[in-house]
Amino acid sequence: MSDGSAPSSPTPQAPGPVGGDPAVRDFRLFLSSHVSNELGGAVTMVALPLTAVVLIGATPLQMGLLAAAEHAAFLLLGLPAGAWVDRMRRRTVMMAADAARLVLLAAVPAAHLLGVLDMAVLVVVALLLGCAQLFGDVADHSYLPGLVGEERLVQGNARLEAVRSVSGFAGPGIAGTAVQVFGTVGALGANALTALTSLLFLGAIRTREPAPAPARRAGLAGQIREGVAFLLGHRLLRLIVLETALINLFMSAIFAIEVLFLTRTVGLPPVAVGWMMSGATLGGLAGAAVTGRLAAAVGQARLIWLAPLVTTPFGLLLPLAAPDWRAGLFVLASAVMAAGTVCYNICQIAYRQRECPPELLGRMTATIRTVVWGVMPVSGLMGGAVADALGVREAVAVFAVAMALSPLVLVFSPLRRMRGFDSPSPEGH
């Protein structure tokens, strides 16, 4: 199996506590941008659906539609986004995405003040926020290898996952408290400041990317085909993408009705919902902290299938939540699954970044995102429809069972016979 190609840009020193190193300074600015962005995303994840539930009185089907809109961009624009990002400087794309988030988050309180805020406005805002996230994420994953170097991808991704987990812990609790005190639209308006802060951090990075390679005559369609062909021709990546898509399909169906489940079915106030979702992300932080050591102990390839196999069955505890000590079952299940998801993500993202030639990183990332995030609009609608048909608690149970079975895709694959990705593997077309 190929060891992957080194980034074409100069490889900086690994991120770490080395004072005065420009590469370390730039990585810390990049990390700070992530803190702002992930915190803002975690607040939006709670405040936007709470706006729909509390202010507009959305039905389960409408909540599914809102969740579908948040991720529709990955299905509709995912493939061309990769080709477009590969034609541009990645930092510029990330800054443009932050500027778009700033405007969109400020638009919700503006619409409320004008008396025109309704479900249609929230769906449009969610759709456009998803577009900004699509381009920002594709550029983000493509930007990191040139910033930290191939040898430090696991460490760099682990730090980014730690940021996501910490922000995920603080964000929902802050959102729930802010909604309780200032109202849903007030919380979203204040959240626009996180996008502005991220934009400023990215702008302070001194290292300039080399100009992107000129687009070849193959054109947009030809460039898209190159990214798709790389993924389809890589056996292990195909399996990893399939597993990720299945996890996202069932987990996102639960996310689509999660706020509805905790507020109406379980009967919790917004502030409790926010902090329960915050507590769940402590597991993600723990996962980020131990992934490097676990990968060294059991092997990166083995951890990719072992992490979801061990942790996803805890999702069976989710539908048992009630407004007493059983609310802790929801937090426990979410925390354990978050830890497993972070371990899985760190290992598989670092692997695919190493395997992919740098000139294809944007297109490969976009192709993967099209598949693994493209299922989310379907899953959002599916979550709302099943909750409408069976009941919200019953729908959570159905999707939890399906999610617990999804790791079998990797258990019965060549990954089960591998420890790491430097050893021989049954790779092929």
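The structure this text deals with has already been given above.
This report concerns the structure included in the present document. Owing to the predicted nature of the structure, the values given are computational and were not obtained by experimental measurement. (Residues numbered from 1 in each chain as written. Predicted model: local features only at pLDDT ≥ 70, side-chain atom pairs only at ≥ 80, totals over all residues. Heavy atoms only, no water.)

**Quick look at the overall build of the chain**
Step number 1: Summing up its helical and strand segments, the chain has 17 helices and zero strands in all.
Step number 2: Accessible surface, the chain: about 16800 Å² in total, of which carbon and sulfur atoms supply 68%. (Helix = DSSP H or I, 4+ residues; strand = E, 2+ residues; numbered from the N terminus. Areas by Shrake-Rupley, 256 points an atom, 1.4 Å probe, with all protein chains shown as cover.)

**Thoughts on the environment of Gly64**
Step number 1: Residue position: Gly64 is located in helix 2 (residues 60-76).
Step number 2: Residue class for Gly64 comes out buried when judged on its relative accessible area of 1%.
Step number 3: Sequence separation between Gly64 and Ala387 is 323 residues, and the spatial gap between their C-alpha atoms is 9.3 Å.
Step number 4: What Gly64 contacts, discounting residues up to four positions off in sequence, is Gly380, Leu381 and Gly384. (Buried < 20%, exposed > 50% of the residue type's maximum accessible area, 1.4 Å probe, protein only. Contact = heavy atoms within 4.5 Å.)

**Digging into a nonpolar patch on the surface**
Step number 1: Taken together, the side chains of Leu316, Val401, Leu405, Leu408 and Phe412 make up a nonpolar region of the molecular surface, amounting to roughly 490 Å² of accessible area.
Step number 2: Tracing the chain through its elements places Leu316 in the loop between helix 12 (300-311) and helix 13 (327-355).
Step number 3: Judged by relative accessible area, Leu316 falls into the partly exposed class, the value being 40%. (Patch = residues over 30% accessible without salt bridge, like charges linked within 9 Å, V, L, I, M, F, W, Y side chains within 5 Å. Salt bridge = Lys/Arg side-chain N within 4 Å of Asp/Glu carboxyl O.)

**Structural notes on the environment of Tyr143**
Step number 1: Take Tyr143: it is sitting in helix 5 (residues 119-148).
Step number 2: On the basis of relative accessible area, Tyr143 is assigned to the buried category, the value being 6%.
Step number 3: Through-space distance from the C-alpha of Tyr143 to that of Pro358 is 9.7 Å; in sequence the pair is 215 residues apart.

**Observations regarding the packing of helix 11 (residues 282-298) against helix 13**
Step number 1: Viewed as axis vectors pointing N to C, helix 11 and helix 13 meet at an angle of 45°, and their least axial separation amounts to 7 Å. Relative to helix 13, the element helix 11 lies oblique. As for how helix 11 packs across helix 13, the hand of that crossing is right-handed. Two secondary-structure elements touch here, helix 11 through Gly283, Gly284, Gly287, Ala288, Thr291, Leu294 and Ala295 and helix 13 through Ala335, Ala338, Ala339, Val342, Cys343, Ile346 and Cys347.
Step number 2: Counted by class, the contact of helix 11 with helix 13 contains ten nonpolar, four polar and no charged residues. (Axes fitted to C-alpha atoms, helices over the stretch in contact; angles between N-to-C directions. Parallel < 35°, antiparallel > 145°, perpendicular 65-115°, else oblique. Left-handed = near helix turned anticlockwise from the far one by under 90°. Nonpolar A, V, L, I, M, F, W, Y, C, P; charged D, E, K, R; others polar.)

**A closer look at the nonpolar core**
Step number 1: Counting residues in each nonpolar core, the largest one holds 110 residues, and the members touching the most others are Phe30, Leu66, Phe261, Leu262 and Leu415.
Step number 2: For this core, the element with the most residues is helix 9 (residues 235-265), which contributes 17 residues.
Step number 3: Apart from residues lying up to four places away in sequence, Leu66 is in contact with Leu48, Pro49, Ala52, Met119, Leu122, Val123 and Ala126. (Core = buried A, V, L, I, M, F, W, Y, C linked by side-chain atoms within 4.5 Å.)

**A closer look at helix 7 (residues 184-203)**
Step number 1: End to end, helix 7 covers 30 Å across 20 residues, agreeing with the expected 28 Å (1.5 Å per residue, within 8%).
Step number 2: For helix 7, the set of buried residues is Thr184, Val185, Ala187, Leu188, Asn191, Ala192, Thr194, Ala195, Ser198, Leu199 and Leu202. Take helix 7 and look down its axis: the buried residues cluster within an arc of 165°, on one side only. Opposite the packed face of helix 7, turned more than 90 degrees from it, sit the exposed residues Leu193 and Leu200. (Expected span 1.5 Å × (residues − 1). Arc of directions from axis to C-beta.)

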